[in-house]
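The primary structure of each chain is shown beneath.
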Amino acid sequence: MTTTLSRLTRQYPALPPAVVMKTALLSIGVRFDPLMVEAAWTALPDFRPHTLPDGSKVQVPYLMKLENGSLVRLRCSEESPFTIKHQEGLSFLLLDEGAPFIQFSFANRPVWHDQTASDGTPLNACGLNQHGDMMVLNLTPACEYWSTPRNESNLSDIRNKRSYRCAFCGYGLPDERSRALGQKEGHATIPPLSMKHAAEAVSKGIEAGARHLYLTGGSMLDPELEADRYLSIVSGLRDVAKDVYLAVGSQALPPSRLKELKAAGADGVCFNLEVWDRKVWQHVCPGKSKFFTRDMWENSLVQAVSVFGKTNVHTAFVIGAEMVFENTLKDPETALHSNLEGARWLLSRDIHPILSLFWPFVGTDMEGAAGPDLHFLLRLFSGVHELRLELNKPFPGNLACKRCLYMQVEGDFE
């Protein structure tokens, strides 16, 4: 029987079938099934409810854990050829045009999710999330770009009148999360109680099998203050996190501060460029462009390699965001060329790109935009894979792997 995946794997023979499968699931999604609502009672829930055709909203799981160990974010689509079928217990089958092709389960809440810190504070309120074997710690969720208005007189469209936030981002407004963690705008200091809770939560995550710890947070306008912030977090966690890979996912920090970060206990960094084309970067990431500059970002990545080593510097991209706005890379061929050009530049300098799929979420400046085409993604992933082979730069797998990269496919080339 000819199915969607069998046709795609024949069309892209250079890609492992697992990569083709995961890309298709992320791009065209899985048809909604009421079984998903039932599963969400015990599974890790999506932070955005699914909207049904009649406008009502239902809670669905966040992640699918495939039989091959790969983690995939659940995307519901009424037009998808992929459906699910319940088996025994918590096990399900994925079907492609009615033909079964892989078993999976919905990822459960972390075992520590319903536990408390030593003073009774719920661990799920301490800034930590866990996806597969990666912990993501965000002690400073409020982003200063969100609260910094843009007042340039030549700005005409509504997105540019809002703030300096990244156009694809829907997460960073100062709110009860940041207030509960004690975050104060313009201050790098992490409250001691927040650090204590975070250390306890991280310790529980490691007991539950986590192998990676990724530190992230809202952006600051001052690079030196942001460096101070992450130095304090790394220093406060290194003892409890000594057996896991600890990566800093801040903005590009001043090169003069990178040795301090490594001495404090960081194993690597991931300074996310988001888009490669310099002109498009100004539109998609106006805050990074104004307050950090592109030259500083690239220089920091290059210098980080000399400090952390050839397999410990990464930068993530939001693939598809470069094609959304007017005066950006509307032509897919131009966008493909730009992304491959960026991948070559980075890999030749031992900086490892991580390609995340752009999903246009409600509440962002790109709300309602079309995501990247499936064939565009497969061509891009194939091209980057060929570059890695040509330059002998395999994906390191230390910062993240297929068991935790749920919106990316780099780990599925294992």
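Use the structure listed above.
Presented here is a report on the structure given in the accompanying data block.

Parameters and conventions
Residues numbered from 1 in each chain as written. Predicted model: local features only at pLDDT ≥ 70, side-chain atom pairs only at ≥ 80, totals over all residues. Heavy atoms only, no water. Helix = DSSP H or I, 4+ residues; strand = E, 2+ residues; numbered from the N terminus. Rg over C-alpha atoms; globule rule 2.2 N^0.38 Å. Buried < 20%, exposed > 50% of the residue type's maximum accessible area, 1.4 Å probe, protein only. Contact = heavy atoms within 4.5 Å. Areas by Shrake-Rupley, 256 points an atom, 1.4 Å probe, with all protein chains shown as cover. Lys, Arg positive; Asp, Glu negative; His and termini not counted. Charge placed at Lys NZ, Arg CZ, Asp CG, Glu CD. Core = buried A, V, L, I, M, F, W, Y, C linked by side-chain atoms within 4.5 Å. Pairing = 2+ DSSP bridges. Axes fitted to C-alpha atoms, helices over the stretch in contact; angles between N-to-C directions. Salt bridge = Lys/Arg side-chain N within 4 Å of Asp/Glu carboxyl O. Expected span 1.5 Å × (residues − 1). Left-handed = near helix turned anticlockwise from the far one by under 90°. Nonpolar A, V, L, I, M, F, W, Y, C, P; charged D, E, K, R; others polar.

### So, the overall build of the protein chain
Then, number 1: Looking only at helices and strands, one finds 13 helices and 14 strands in the protein chain.
Then, number 2: Relative to the compact-globule value of 22 Å for 414 residues, the protein chain shows a C-alpha radius of gyration of 21 Å, a close match.
Then, number 3: For the protein chain, the spread of C-alpha atoms along the three principal axes comes to 60 × 50 × 45 Å.
Then, number 4: Within the protein chain, the proportion of its 414 residues that are buried is 58%.
Then, number 5: A sequence separation of at least 24 residues applies to 71% of the contacts in the protein chain between residues at least 6 apart.
Then, number 6: For the protein chain, the accessible surface area stands at approximately 17500 Å², while carbon and sulfur atoms represent 53% of it.
Then, number 7: The centroid of the 42 positive side-chain charges in the protein chain is displaced by 2 Å from the centroid of its 47 negative side-chain charges.

### Describing the nonpolar core
Then, number 1: In this structure, Met 64, Phe 106, Phe 168, Leu 213, Leu 215, Leu 237 and Leu 261 are the most contacted members of the largest nonpolar core, which totals 126 residues.
Then, number 2: Take this core: its biggest share by element is eight residues, from helix α13 (residues 374-391).
Then, number 3: With residues near it in sequence (within four places) discarded, Leu 213 still touches Met 135, Leu 137, Val 202, Leu 237, Ala 241, Val 244, Tyr 245, Leu 246 and Ala 247.
Then, number 4: Grouped together as the second largest cluster of nonpolar side chains are 14 residues, Val 136, Tyr 214, Phe 395 and Cys 404 included.

### Notes on the sheet that holds strand β4 (residues 71-73)
Then, number 1: Strand order in the open sheet formed by five strands is β4-β3-β7-β6-β5, and the pairing between neighbours is antiparallel. The sheet terminates laterally at β4 and β5 (82-86), the two strands that pair on one side only. With direction set aside, neighbouring strand axes in the sheet form an average angle of 40°.
Then, number 2: Judged from the three bridges that link them, strand β3 (residues 63-66) and strand β7 (residues 99-106) form a sheet pairing that is antiparallel. Looking at β7, one finds that Lys 65 is bridged to Ser 105.
Then, number 3: Along the sheet face, helix α2 (residues 17-28) touches β3, β4, β5, β6 (92-96) and β7 and points at about 20° away from the line of β4.

### Observations regarding unusual backbone geometry
Then, number 1: Positive phi values are uncommon outside glycine, yet Asp 350 reaches one of about 65°.
Then, number 2: By the secondary structure assignment, Asp 350 is in the loop between α12 (332-347) and β14 (352-357).
Then, number 3: Exposure remark for Asp 350: the relative accessible area of 11% places this residue in the buried category.

### Examining the pattern of salt bridges
Then, number 1: Under the criterion given, the structure shown has 19 salt bridges.
Then, number 2: When salt bridges that share partners are traced, they join Glu 224, Asp 228, Arg 257 and Glu 260 into one network.

### Things to note about the sheet that holds strand β12 (residues 268-270)
Then, number 1: The sheet built from seven strands is open, its strands ordered β8-β9-β10-β11-β12-β13-β14 with mixed pairing. The sheet terminates laterally at β8 (128-131) and β14, the two strands that pair on one side only. Averaged over all pairs of adjacent strands, the angle between their axes in this sheet comes to 25°, without regard to strand direction.
Then, number 2: Pairing between β8 and strand β9 (residues 134-138): four bridges, direction antiparallel. Directly across from Gln 130, in β9, lies its bridge partner Met 135.
Then, number 3: Of the strands in this sheet, β9, β10 (212-216) and β11 (245-248) touch helix α7 (residues 223-237), which is tilted by about 150° from β10.

### Considering the environment of Phe 376
Then, number 1: Assignment of secondary structure puts Phe 376 in helix α13.
Then, number 2: Accessibility expressed as a relative area gives 5% for Phe 376, which makes it buried.
Then, number 3: Residues Phe 376 and Ile 319, 57 residues apart in the sequence, show an inter-C-alpha distance of 9.8 Å.
Then, number 4: Not counting residues within four places of it along the chain, the set of residues in contact with Phe 376 comprises Ile 319, Glu 322, Met 323, Pro 332, Ala 335, Leu 336 and Asn 339.

### Points about α12
Then, number 1: The terminal C-alpha atoms of α12 lie 22 Å apart, and with 16 residues this matches the ideal 22 Å at 1.5 Å per residue to within 8%.
Then, number 2: Elements that come into contact with the buried residues of α12 comprise β13 (313-319), β14 and α13.

### A closer look at the packing of α2 against α13
Then, number 1: The interhelical angle for the contact between α2 and α13, taken along N-to-C directions, is 145°, at an axis separation of 10 Å. The chirality of how α2 crosses α13 is right-handed. Taken together, the residues of α13 that come into contact with α2 (itself represented by Val 20, Thr 23, Ala 24, Ser 27 and Ile 28) are Leu 374, Leu 377, Leu 378 and Phe 381.
Then, number 2: Classifying every residue of the contact of α2 with α13 gives seven nonpolar, two polar and no charged.

### Side note on the pairing of β6
Then, number 1: Across the five residues of β6, five count as buried, placing the element largely inside the fold.
Then, number 2: Relative to β6, β5 is paired through five bridges, and the arrangement is antiparallel. Its bridge partner being in β6, His 86 is matched across the sheet by Phe 92.
Then, number 3: What sits between the antiparallel neighbours β5 and β6 is a turn of five residues, in which Gly 89 has the positive phi angle 60°.
Then, number 4: With five bridges joining them, β6 and β7 adopt antiparallel strand pairing. Paired with Leu 95 across the two strands is Pro 100, which belongs to β7.
Then, number 5: Between β6 and β7, which pair antiparallel and follow one another directly, the connecting turn spans two residues, one of which, Glu 97, has a positive phi of 55°.

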